[in-house]
Each structure stands twice: as structure tokens, then as C-alpha cells.
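Report on the structure
Letter by letter, the chains look like this.
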Amino acid sequence: MHWQTARFRIDLAQPRVMGIVNVTPDSFSDGGRYQGASAALRHCEQLVAQGADILDLGAESTRPGTPPVPLDEELERLLPVLREAVGLGVPVSVDTYKPEVMRRALDLGADIVNDIWALRQPGALDAVARHPSCGVCLMHMHGEPQTMHRAPMEGDAVPQVQAFLAERAGKLAAAGIGRERVVLDPGIGFGKTVAQNFALLARQHELLGGGHAWLAGWSRKSSLGQVTGLPVQERLVPSVAAALLSVERGARIVRVHDVRETVAALKVLAATASAEQDKTGKNTP
Ligand code: HH2
């Protein structure tokens, strides 16, 4: 399985780590830390050195209750960092739902559009369809960031998430955006209860199938805080655990803040998988 993006065809035979770069003053776990363009760029370089396979640049926080960022401000934060990040030798994703930001980012050489609105904003689908080969990540969100924490989904999240993303992927296919370009994401924490988030992890296999690769974004999320009692800055271990569990359950990409630790954990998983194959004889020369 591969993820076709603008400049890179990413081989998903091995799980891939997407490193989060928040160019924002208010992100829930690292707001303000990498705000200036040069600090953000240093962070990009650091994540690549730690083994990030993909960088995900976001200039608007989706923290529950956060007001939207005006277009000009998002572009001002994002573009100077993106301009340099595309020279780092790894695919660069842009976390945005605004079609104008998508267009400008793709023109500057971004490889992937990562949209928490799954290209539902007017003009977003067109902005991606106009590009011959960029990748896209479609995420499930119930409600919208301003209010989702007050009115989470009801009922069994798993079939609802599955049906929503299948429908969105169908719309993209109809617009000429093939399956190899599209990755799906259950949207951990986006308008879901703690129980629903864990149901999406425990029963992740029910989401797979349909031929799309899946991405999971558990890093430092509040559900991990709820079950561990740990504040956001102390959620490294639960975040790595959740990333590992989601890869074991079939996710091909994990979106994380803590790249070095996640890469190390995935090496343990890979060594285990390889030993298992040796035993079955599949891996012997
Ligand atoms: N989570 C966040 C933002 N973008 N994109 C995808 N595809 N999947 C996710 O789970 C996801 C996402 C929220 O996390 P973060 O970027 O760390 O925080 P903030 O939105 O406050 O900047």
C-alpha cells in the first residue's frame, strides 16, 4: 500500500510517523512554543532528524472552543515556514480547512492537505482536485471545534465514523481523486466521548477495509489524560502506547508530537513482527 502525494509516493509497508509542527500561539499541548518562523523551522529540522517521515504544519489550533483564525493571519504564520520546510527532504502536509490556504500551500510545494473538515468547506474539494497528485487526509469530526466538546456524538461511533469517511472518500473519487491519494482518520477527540475514542481504537479493525490507509492521531489528547490522570505535558508514555496500539490494529500513519520516542517504540514492534515472520518461514532466505 502507498500514499501518493505531490512529490513523494510514500511506501506504507512500514508504518510512518507524521511529526506535528504547530505554528500557533494556542495549540492545546505546545501552543506558542514554535510560533515564530525560525523556531518552527528549527522544530521541523529537529523532527526530521528524529525520524519523522512526514511533517504536518498547522497554523490554526483546533483546540475545543478556539475561535477561527482569519485567512491572512493563517497564511502569514504558515507560508514562511512551509517555504523552507519543503526543502527538508520529507513530504510536508498542511493542516488546514481553508481552500485558499490549500491552494497557496500546494503552489508553494506542499505534498499533502490534512483537513479536519474532510474537505467539506465550500471550495476545498475543488482546491485539492485541481492538483494532479497531492495527498489528502480526511478526518472525521462531529460538530465543529468551537462547540464539539459540549455536544459529543451519540451512540456507537465506529459505524458512524466508517460511514462518514466512506461517503467523503466516494465524493473525492467522483472528483477524480483516487484512493492512493487519500488517507482516512477517525478524528480522535473531535466531538467524541472518552469511551467513543477508545471504541475507535479497540475496534479499529472495523474501520479498515475499503482499500484506504488509515492515520491515527492520539498524541497528548485529553482522552489519554482522562484514563491516566496525567496533565497534557506528561502524556508522552500514554501517547506512545496509543500510537503503538493503533499501528498494531492496522493504522499506517501516526500523527505525533513526540517523534523520537514513537519511532523507537515502532522499532520494537517491527522487530517483533519480523521475528514472528521468521518463525513462520516467510522471512527466511
Ligand atoms: N488532531 C489535531 C489537529 N489536526 N489532524 C488529523 N488528521 N488528525 C488529528 O487527530 C488531528 C489533526 C489536534 O492536535 P494538535 O495539532 O496537537 O493541537 P491543536 O489543534 O490545538 O493545534
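Here we look at the packing of aromatic side chains
In total, this model carries two aromatic pairs according to the counting rule given. Arranged with centres 4.9 Å apart and planes meeting at 50 degrees, the rings of Phe198 and Trp218 form a pair that is tilted. Taken together, the positions of Phe198 in helix H6 (residues 194–202) and Trp218 in the loop between strand S9 (213–216) and helix H7 (222–228) put the pair 20 residues apart, joining distant regions of the chain. Using a relative accessible area of 3% as the deciding quantity, one classes Trp218 as buried.

Remarks on the packing of helix H8 (residues 236–248) against helix H9 (residues 259–280)
Between H8 and H9, the shortest axis-to-axis distance is 10 Å and the interhelical angle comes to 40 degrees. Viewed along their axes, H8 and H9 adopt a mutual orientation that is oblique. Crossing handedness for the pair H8 and H9: right-handed. Across the interface between the two elements, Leu236, Val240, Ala243, Leu244, Val247 and Glu248 of H8 pack against Glu261, Thr262, Ala265, Leu266 and Leu269 of H9. Residue composition of the contact of H8 with H9, by class: eight nonpolar, one polar and two charged.

Observations regarding the pattern of salt bridges
Overall, the coordinates contain 13 salt bridges when judged by the stated rule. A salt bridge links Arg16 to Asp53, with the shortest nitrogen-to-oxygen separation between them at 3.2 Å. Linking Arg16 in strand S3 (residues 16–22) with Asp53 in the loop between helix H1 (37–49) and strand S4 (54–58), this pair joins segments that are 37 residues apart in sequence. By relative accessible area, which is 15% here, Arg16 ends up buried. Close ionic contact of Glu100 with Arg103 constitutes a salt bridge, the shortest N to O distance being 3.3 Å. Remark: Arg103 and Glu100 occur in helix H3 (residues 99–107); sequence separation between them is three residues, near one turn of the helix. Take Glu100: its relative accessible area is 29%, and that puts it in the partly exposed class. Through salt bridges with shared partners, one network takes in Asp56, Asp95 and Arg255.

A look at the sheet that holds strand S8 (residues 182–185)
In any sheet, the strands associate via hydrogen bonds between backbone groups, in a parallel or an antiparallel arrangement. Reading around the barrel, the eight strands line up as S3-S4-S5-S6-S7-S8-S9-S10 and close back on themselves, with parallel pairing between neighbours. The sheet shows a mean angle of 25 degrees between the axes of neighbouring strands, direction not considered. Judged from the four bridges that link them, strand S7 (residues 135–139) and S8 form a sheet pairing that is parallel. Note that in S8 the partner of Cys137 across the bridge is Val183.

Rules used in this analysis
- Residues numbered from 1 in each chain as written.
- Predicted model: local features only at pLDDT ≥ 70, side-chain atom pairs only at ≥ 80, totals over all residues.
- Heavy atoms only, no water.
- Phe/Tyr/Trp six-rings, centres within 6.5 Å; stacked < 30°, edge-to-face > 60°.
- Helix = DSSP H or I, 4+ residues; strand = E, 2+ residues; numbered from the N terminus.
- Buried < 20%, exposed > 50% of the residue type's maximum accessible area, 1.4 Å probe, protein only.
- Axes fitted to C-alpha atoms, helices over the stretch in contact; angles between N-to-C directions.
- Parallel < 35°, antiparallel > 145°, perpendicular 65-115°, else oblique.
- Left-handed = near helix turned anticlockwise from the far one by under 90°.
- Contact = heavy atoms within 4.5 Å.
- Nonpolar A, V, L, I, M, F, W, Y, C, P; charged D, E, K, R; others polar.
- Salt bridge = Lys/Arg side-chain N within 4 Å of Asp/Glu carboxyl O.
- Pairing = 2+ DSSP bridges.

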